[in-house]
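What follows is each chain in one-letter form.
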Amino acid sequence: MKGDQELQVIVQQAKEPIPTDQDEKSSVSGSQTKVSHSTYKRWLRMAVYTLFVISGQSVATILGRLYYDNGGNSKWLATVVQVVGFPILLPYYLLSVKPHTTTHRDGKITSLRNRALVYIVLGLLVVAACYLYSIGLLYLPISTLSLIGASQLAFTAFFSYLLNSQKLTPIILNSLFLLTISSTLLAFNSEESNSKKVTKEEYVKGFICTVGASAGFGLLLSLQQLAFRKVLKKQTFSEVMDLIIYMSLVASCVSVVGLFATSEWKTLSNEMENYKLGKVSYVMNLVWTAVTWQVFSIGGTGLIFELSSLFSNAISALGLPVVPILAIIIFHDKMNGLKVISMILAIWGFISYVYQQYLDEKNLKKSHGITTSESPDPPEAEGSSEQSK
């Protein structure tokens, strides 16, 4: 009887199809094709987001300078247009939320009070940083403004160290040192803007406000990361978009209140009448400034979701050489020796920062590769240990 059962097993095994080497090769090649296709699409998305960040930030800064150079003088209006264009994000949010909602889910729910508190605090910080940036844009040459803005990377790394326990490696410390020196050098630059003569006090005020804006934006990114980890508990695409939209809503309301509270709204009609390029150009400048800042937000949001907030910040600093070059062409800003040295140090600091991010990403992938390759071993180890017992 036992021999008959063994014979039946042998016959059944003979009937089962034996996988050939060709089948295994075809399955492996098919999986590799899927992986390469998804990787290609991911890199394509990252390239598009990077283009949005660099182009949106550069064009918005140039348009902001054009507003001031041609008769605009309202700092609160310049702040409003930086945040009020967030409804443009709604179609992008509605079209993109479906393919992303299936990832990074967990069962933790944040209370409405804590969520609202996060939106309000971050929204107020956005208003403060944007207002300081508007003051800097009014008093500083645009090339100087963009070079000082590179210090945002240093502030982000510093606040991430304090709030999110980010490690300060020698490469990061080198980046912080270079970016700090790059911005400090510009404090000794007494160059005047070609379109407006500013006093020494106004230049210093613009310098301090721009540094404050960079610190504010750096703190904002670090607080966003902290909010995702401690309060919101997850970093899905919908959570990132909710944060940006509601944060922009709070910032828009506060900046509009500031516009009316300071009575700057009373001068807007006269400002439009006397605008050098005409009324239509005045309105179009404000509209496209709002649009381009939101293009920047879309790119930054995409990079935050695809990689991290730190990488998104690093890409925004990648546009560092773009604005000074455009400023030389459009506004005929002077690029003196001090600015050249500052730009070289800032680019050097940026490269150091990105290189550290590359090393972290490489180590992370290597650790994941080790864990996946060793994953089959534990069960065998458990079996051998049980046999020894």
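### Section: the overall build of the protein chain
Logical step 1: Each helix and strand in the protein chain was counted, giving 16 helices and 0 strands.
Logical step 2: Expressed as a percentage of its 389 residues, the buried residues of the protein chain come to 44%.
Logical step 3: Pairs at least 24 apart in sequence give 86% of the contacts found in the protein chain among residues at least 6 apart.
Logical step 4: For the protein chain, the exposed area adds up to about 21200 Å²; of that, 66% sits on carbon and sulfur atoms.

### Topic: the side chain of S214
Logical step 1: Tracing the backbone shows S214 in helix α9 (residues 200-230).
Logical step 2: Excluding its chain neighbours within four sequence positions, the residues that come into contact with S214 are I148, G149, S151, Q152 and F155.

### Quick notes on the nonpolar core
Logical step 1: Counting 63 residues, the largest nonpolar core has L77, V126, L220, M241 and Y282 as its most contacted members.
Logical step 2: A per-element tally of this core places helix α5 (residues 112-139) first, with 13 residues.
Logical step 3: Setting aside anything within four residues of it in sequence, one finds M241 in contact with L89, Y92, Y93 and T301.
Logical step 4: Residues A150, A314, A346 and Y353 belong to the second largest nonpolar core, which totals 12 residues.

### Details of the packing of helix α7 (residues 151-164) against α9
Logical step 1: Where α7 contacts α9, the axes come no closer than 8 Å and their chain directions differ by 35°. Judged by the sense of rotation from one axis to the other, the crossing of α7 with α9 is right-handed. Between α7, through S151, Q152, F155, T156, F159, S160, L163 and N164, and α9, the contact on the second element is made entirely by V211, S214, A215, F217, G218, L219, L221, S222, L223, Q225, L226 and R229.
Logical step 2: Here the contact of α7 with α9 is composed, by residue class, of 10 nonpolar, 9 polar and 1 charged.

### Considering the packing of aromatic side chains
Logical step 1: Here the structure, examined in full by the defined rule, presents 10 aromatic pairs.
Logical step 2: A ring pair is formed by Y67 and Y282, whose centres lie 6.2 Å apart and whose planes are at 45°; its orientation type is tilted. Of this pair, Y67 sits in helix α2 (residues 21-69) while Y282 sits in helix α12 (residues 279-306), placing them 215 residues apart in sequence.
Logical step 3: Overall, the relative accessible area of 3% leaves Y67 in the buried class.
Logical step 4: Between the aromatic rings of F155 and F159, the centroid separation amounts to 6.5 Å while the plane-to-plane angle is 20°, which identifies the pairing as stacked. Placement of the pair is F155 and F159 together in helix α7, with a separation of 4 residues, close to one helical turn.
Logical step 5: We classify F159 as buried; its relative accessible area is 17%.

### Quick look at the confidence of the model for the protein chain
Logical step 1: Summarising the model, the protein chain shows a mean pLDDT of 77, and 76% of its residues fall at 70 or more.
Logical step 2: Taken element by element, the predicted model of the protein chain shows its lowest mean pLDDT in helix α16 (residues 377-388) (38) and its highest in helix α3 (residues 75-83) (94).
Logical step 3: Below pLDDT 50 for its whole length, residues 101-107 participates in 7 contacts with residues either more than four positions away or in separate chains.
Logical step 4: Low pLDDT, under 50, characterises residues 370-389; the predicted model gives this stretch 0 contacts beyond four residues in sequence or across chains.

### What to know about the packing of α5 against helix α10 (residues 237-261)
Packed helix pairs are specified by the crossing angle of their axes together with the interaxial distance, meaning the distance between the axes.
Logical step 1: Direction vectors running N to C along α5 and α10 enclose 55°, while the axes themselves pass 8 Å from each other. On the basis of the axis angle, α5 is oblique to α10. With respect to the hand of their crossing, α5 and α10 are arranged in right-handed fashion. Of the residues in α10, those in contact with R115, V118, Y119, I120, L122, G123, L124, V126 and V127 of α5 are E239, D242, L243, Y246, M247, V250, A251, V254 and S255.
Logical step 2: Its residues assigned to classes, the contact of α5 with α10 comprises 13 nonpolar, 2 polar and 3 charged.

### Focus on the pattern of salt bridges
Logical step 1: This structure, assessed with the given rule, holds 3 salt bridges.
Logical step 2: Between R115 and E239 there is a salt bridge; the shortest N-O distance is 3.0 Å. Of this pair, R115 sits in helix α5 while E239 sits in helix α10; the two residues are 124 residues apart in sequence, bridging distant segments of the chain.
Logical step 3: E239 sits in the buried class, given a relative accessible area of 6%.
Logical step 4: We note a salt bridge from K279 to E273, for which the minimum N-O separation is 3.0 Å.
Logical step 5: On the basis of relative accessible area, K279 is assigned to the partly exposed category, the value being 43%.

### Quick notes on a nonpolar patch on the surface
Logical step 1: A contiguous nonpolar patch, built from V280, V283, M284, V287 and W288 and spanning about 460 Å² of accessible area, is present on the exposed surface.
Logical step 2: Looking at where V280 falls in the secondary structure, it is placed in helix α12.

Rules behind the numbers
Residue positions are given per chain, counted from 1 along the sequence in the order it is written. Totals for whole chains, interfaces and linings use every residue, but because this is a predicted model, local features are given only for residues with pLDDT of at least 70 and side-chain atom pairs only at 80 or more, for both listing and counting. In computing side-chain properties, one takes all heavy atoms of the structure into account and sets aside hydrogens as well as water. Secondary structure counts use DSSP, requiring at least four H or I residues in a row for a helix and at least two E residues in a row for a strand, with both numbered from the N terminus. Relative accessibility decides the category of a residue: with a 1.4 Å probe and only protein chains considered, values under 20% of the type maximum give buried, values over 50% give exposed, and everything between is partly exposed. Residues are treated as being in contact if the distance between any of their heavy atoms lies within 4.5 Å. Values of accessible area rely on a 1.4 Å probe in the Shrake-Rupley scheme; residue burial ignores everything except the protein chains shown. Take the buried Ala, Val, Leu, Ile, Met, Phe, Trp, Tyr and Cys residues and link them wherever side-chain atoms come within 4.5 Å; each set so joined is a nonpolar core. Orientation is described by axes fitted as lines to C-alpha atoms, over the contacting stretch for helices, and by angles from 0 to 180 degrees between their N-to-C directions. Handedness of a crossing is defined here by the sense of rotation of the near helix relative to the far one, left-handed for an anticlockwise turn of less than a right angle and right-handed for a clockwise turn. For this classification, the nonpolar set comprises Ala, Val, Leu, Ile, Met, Phe, Trp, Tyr, Cys and Pro, the charged set comprises Asp, Glu, Lys and Arg, and every other residue, Gly included, is treated as polar. Whether two aromatic rings pair depends on their centres lying within 6.5 Å, for rings of Phe, Tyr and Trp, where Trp uses its six-membered ring; planes under 30 degrees apart make the pair stacked, over 60 edge-to-face, and the rest tilted. Scored from 0 to 100, pLDDT records how confident the predictor is in each individual residue. Relative orientations are named as follows: roughly parallel for angles under 35 degrees, roughly antiparallel for angles over 145 degrees, roughly perpendicular for angles from 65 to 115 degrees, and oblique for any other angle. By definition here, a salt bridge exists when the distance from a side-chain nitrogen of Lys or Arg to a carboxyl oxygen of Asp or Glu is within 4 Å. Residues enter patches when they are more than 30% accessible in relative terms and free of salt bridges; like-charged ones are connected within 9 Å and nonpolar ones (Val, Leu, Ile, Met, Phe, Trp, Tyr) within 5 Å.

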